[in-house]
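# Understanding the architecture of this molecule
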Amino acid sequence: MTFLVVRLLFVFFSSVAYQLHCGRCMAFSSSPLQSPLSSWILRLKSATLHSRMTSKTVHMQRGHGPNGDDNTNFNSSTTNNNIMTRRSLWTKHTSKFLFLDAALTLTTLTNLPEPCLAKAKGAAEYDFEFYMRNLIQGNNPREGNIQATLPPPLPPPRVLKGSSVSSSPLLVEQILNNYLNGDCITLKTLSQTTNVSVDDIAERIKTYRRKVAPAFATRAKWREELVTDEYYFDLCCYALYRTAADLLPSNYKVRDEWVQKLGTEIYNFFMLGTLSSSAAATGGGGGTSTTTTSTSTMLKLTDTIPIMERILLEFQSNNFISSYRLGDKNDDVRTGSNVFDEYDNDDINSGLSVNCLVSLVRPATLTSSLQIVGEQSRFIPEFIGTTIAAMWRKEMGYKVEYETYFVDEEYRPNPKDYFPTEQLLQFTIRKS
């Protein structure tokens, strides 16, 4: 019985290997078995199988009557002899089949056409390789003992420069400046929310920054200790949000209030600059920060697309992100300036919710966000989503919620490899 199981396993894995390596080669060769040795092995196996089936048929005719009933003239001694003969034939032919299967498999794999050998691995090959590695090296309860590979090196830090679209002050210094004083939006709004002085908040941020700076530098090394350096800004944002989490330990409602206030202040800063003239030119009616309620009620959801694109373009021009995308990349219609349509306007007016997906490639807060997520927290540095949400709240009077996700666009055969470079913002918009 053990011998039979071994043979079946051998034949199974031989067949899998044959399918993986030869299944896609049929377009290049009418017959993947091209050597005389392969043909001889197939003919020999067929002859052996025919001989075995003939002996089995003779035995069945001798052991049973024409109607399938037991033959009463068939004595016990003949039965024992037939059983012994059957076992010897089984052992003999099984050993032949093992040898023939091995020879056939080796002959097949050594006679593959050249175009097949040049083919890149697909998902099936990667999965089979992973399963076989676990089978040979051992299989832990979850993902085996395969180790995660080292992450790819990060590109040089971007300079979070001033906008090339407008002559407004540096956006980064409005959000978080080098002096950590009340002139930056983050510290000012956090002090208003927690009733803690700006100086106390600044000291807490500096303490966190000193503790984690060596670890951050091993992964994302900055060139200058300035907030205009992408990686140093990322480090400061990590220290800022860890400080905010300490000051707001479990009060998620107050955390949300601070994030909303932060987004509103950043949006107001935009409205004082380029967005006022841009929004007025589109006829949206949401031109200035002093937009009246009657004007807001005249807006439709589709009218906010140019304002949303202007916000994203402003962040991109300040090097906060490498690029962005509106809508699902798999949807060729509802993307870019067509992310909303008249049906969405009708859904909002009828009380239904509307979803919107925004993709940010390499945001400036990527490393700090992933680090905080790895620490089992979702309270991460995020300035673009809260600004867009503030625009819909301010100009439309809508209730806006959004979730953040991180995506690794590259397929990696090792399931422990996860190196995301893209952040997704999933918005849900509805009437208040």
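Above this text is the structure in question.
Residues numbered from 1 in each chain as written. Predicted model: local features only at pLDDT ≥ 70, side-chain atom pairs only at ≥ 80, totals over all residues. Heavy atoms only, no water.

## As for the packing of aromatic side chains
Overall, the coordinates contain 14 aromatic pairs when judged by the stated rule. Ring centres of tyrosine 402 and phenylalanine 427 lie 5.2 Å apart, and the angle between their planes is 40 degrees; on these two criteria the pair is classed as tilted. Taken together, the positions of tyrosine 402 in strand E3 (residues 398-407) and phenylalanine 427 in strand E4 (residues 422-431) put the pair 25 residues apart, joining distant regions of the chain. Phenylalanine 427 gets classed as buried once you look at its relative accessible area, which sits at 0%. Connected via pairs of aromatic rings, a cluster forms that spans Phe233, Tyr241, Trp258, Phe269, Phe270, Phe315, Phe320, Phe379 and Phe383. Seen from the ring of tryptophan 222, lysine 221 lies directly overhead, with NZ or CZ sitting 5.2 Å from the centre. Directly above the ring of phenylalanine 379 sits arginine 255, whose terminal nitrogen or CZ lies 4.6 Å from the centroid. (Phe/Tyr/Trp six-rings, centres within 6.5 Å; stacked < 30°, edge-to-face > 60°. Helix = DSSP H or I, 4+ residues; strand = E, 2+ residues; numbered from the N terminus. Buried < 20%, exposed > 50% of the residue type's maximum accessible area, 1.4 Å probe, protein only. Lys NZ or Arg CZ within 6 Å of the ring centre and 35° of its normal.)

## As for the pattern of salt bridges
In the structure shown here, the tally under the stated rule is 14 salt bridges. As a salt-bridge pair, glutamate 230 and arginine 158 come within 3.5 Å of each other at their nearest N and O atoms. In this pair, glutamate 230 sits in helix H9 (residues 230-247) while arginine 158 sits in the loop between helix H5 (123-137) and helix H6 (171-175), placing the two residues 72 residues apart along the sequence. When sorted by exposure, glutamate 230 lands in the same class as arginine 158, which is buried. Residues glutamate 401 and lysine 399 are paired through a salt bridge, measuring 3.9 Å at the closest nitrogen-oxygen approach. Lysine 399 gets classed as partly exposed once you look at its relative accessible area, which sits at 41%. Look at the salt bridges and you will find they share partners, linking Arg158, Glu230 and Arg362 into a network. (Salt bridge = Lys/Arg side-chain N within 4 Å of Asp/Glu carboxyl O.)

## Quick look at empty space enclosed by the protein
Taken as a whole and judged by the stated rule, the model has two cavities of 30 Å³ or more. A volume near 70 Å³ is recorded for the largest cavity. Taken together, Phe320, Ile321, Leu360, Pro363, Ala364, Thr365, Glu382, Phe383, Ile384 and Gln423 make up the full set of residues lining the largest cavity. Of the residues in the lining of the largest cavity, the class split is seven nonpolar, two polar and one charged. (1 Å grid on protein atoms, 1.4 Å probe; cavity = no way out; pocket = protein on both sides within 12 Å on 5 of 7 lines; lining within 4 Å. Points joined across faces, edges and corners; volume = space filled by probe spheres on them. Nonpolar A, V, L, I, M, F, W, Y, C, P; charged D, E, K, R; others polar.)

## Considering the sheet that holds E4
What the four strands build is an open sheet, ordered E1-E2-E4-E3; its pairing is antiparallel. Every other strand in the sheet has two partners, leaving strand E1 (323-326) and E3 as the edge strands with one partner each. For this sheet the average axis-to-axis angle between neighbouring strands, irrespective of direction, equals 20 degrees. Sheet analysis places E1 next to strand E2 (residues 354-361), joined by four bridges and oriented antiparallel. Among the inter-strand pairings, leucine 326 is bridged to a residue of E2, identified as valine 358. Relative to E1, helix H13 (residues 305-317) is tilted by about 165 degrees, and along the sheet it contacts E1 and E2. (Pairing = 2+ DSSP bridges. Axes fitted to C-alpha atoms, helices over the stretch in contact; angles between N-to-C directions. Contact = heavy atoms within 4.5 Å.)

## Observations regarding the side chain of asparagine 414
By secondary structure assignment, the location of asparagine 414 is in the loop between E3 and E4. Given a relative accessible area of 7%, asparagine 414 falls into the buried group. Separated by 3.1 Å, the side chain of asparagine 414 and the backbone nitrogen of lysine 416 make a polar contact. Those residues in contact with asparagine 414, other than ones at most four positions away along the chain, are Ile146, Gln147, Ala148 and Thr149. (Polar contact = N/O pair within 3.5 Å; in protein donor to acceptor, adjacent residues only side chain to side chain.)

## What to know about helix H14 (residues 342-349)
What H14 keeps buried is the set Asp344, Asn345 and Ile348. Along the long axis of H14, the arc covered by the buried residues comes to 105 degrees, so they all point the same way. Buried-residue contacts for H14 involve E2, E3 and E4. For H14, the side-chain oxygen to backbone nitrogen distance between the N-cap and tyrosine 343 is 3.1 Å, and the N-cap itself is aspartate 341. Among the residues trailing H14, glycine 351 stands out with phi positive, at a value near 95 degrees. (Arc of directions from axis to C-beta.)

## A word on the pairing of E2
Where burial is concerned, most of E2 is hidden: six out of the eight residues are buried. Alignment of E2 against E4, held across eight bridges, turns out to be antiparallel. Residue pairing across strands places cysteine 356 opposite phenylalanine 427, the latter belonging to E4.

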